[in-house]
Amino acid sequence: MNAHAFTSDVAFTPTVKAIQARKGSRQSYARVEERGGWQTVITSDLAALIEMQTSVFLSTANGDGQPYIQHRGGPAGFLKVLDEKTIGFADFAGNRQFITQGNLADNPQAFLFLIDYAHRQRIKLWGTACVVENDAELMAKLMPRDYKARPEQVILFAVSAWDANCPQHIPQRFEAADVAAALGERDRRIERLEQEIARLKGMGSAAAGAGARE
């Protein structure tokens, strides 16, 4: 059970609320609180968005409170929703600094930030995370098929609360594969149109030749 009065209190501390009051936004956020705050379970819409991602940012902090942000990426579906409260992913071998793992050993509080540039969406998820080592069954469930990376361990993220931001100031960008597919379809359409034009020209030339012989 969340120890806060409202789920959004995970981010809206008394200091934050005092600043909101001073700057004029507290009333609107109080209405969010009156409705219960932010959602605490992964909805079907959120699950679909999560499993579309090819990139995510995982934030942790060490025992002294020093924050750290780690990028994690993979093919679409590398982030898997295991149940309405849990997200899991295979943690691939990298530079072997193990800062995230060390932070989580000292402080399980974590944060996931998802940004979808194509649809100009961003999702913020607060929760806790842990590293799971030497669980072959779980790793097999989370490792993307045919992905050329060496899995080292699993990270499980338990959602406490989440919120969606407005699209303001998010630049619209597209995945290279999506752009390539769109350009390929455009080129195929151009080719079909050029063939149709050539066919019609050929019909016109044949008709003109037949008319000249009459």
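The rules behind the values
- Residues numbered from 1 in each chain as written.
- Predicted model: local features only at pLDDT ≥ 70, side-chain atom pairs only at ≥ 80, totals over all residues.
- Heavy atoms only, no water.
- Helix = DSSP H or I, 4+ residues; strand = E, 2+ residues; numbered from the N terminus.
- Buried < 20%, exposed > 50% of the residue type's maximum accessible area, 1.4 Å probe, protein only.
- Core = buried A, V, L, I, M, F, W, Y, C linked by side-chain atoms within 4.5 Å.
- Contact = heavy atoms within 4.5 Å.

Undergrad: Now, about unusual backbone geometry: what can you tell me, with residues and values included?
TA: Its identity as a non-glycine residue notwithstanding, Arg 96 has a phi of 60°, on the positive side. In this structure, Arg 96 sits in the loop between β4 (86-92) and α4 (99-106). According to the relative accessible area criterion, Arg 96 is partly exposed, its value standing at 47%. Positive phi, normally seen in glycine, also occurs at Asn 134, with a value near 60°.

Undergrad: Go over the nonpolar core with me, naming the residues and quoting the values.
TA: Burial of nonpolar side chains together is a common tendency in soluble globular proteins. With 22 residues, the main nonpolar core has Ile 87, Leu 112, Leu 125 and Phe 157 as its most contacted residues. Among the secondary structure elements, those contributing two or more residues to this core are α3 (44-50), β1 (55-61), β4, β5 (109-116), β6 (121-132) and β7 (151-165). Apart from the residues lying within four places of it in its own chain, the contact partners of Ile 87 are Ile 42, Ile 50, Leu 79, Lys 80, Leu 112, Leu 125, Ile 155, Leu 156, Phe 157 and Val 159. Among the nonpolar cores identified, the runner-up in size contains 9 residues, and Ala 90, Phe 92, Val 132 and Val 154 belong to it.

Everything listed is a geometric property; what it means functionally is a separate question.
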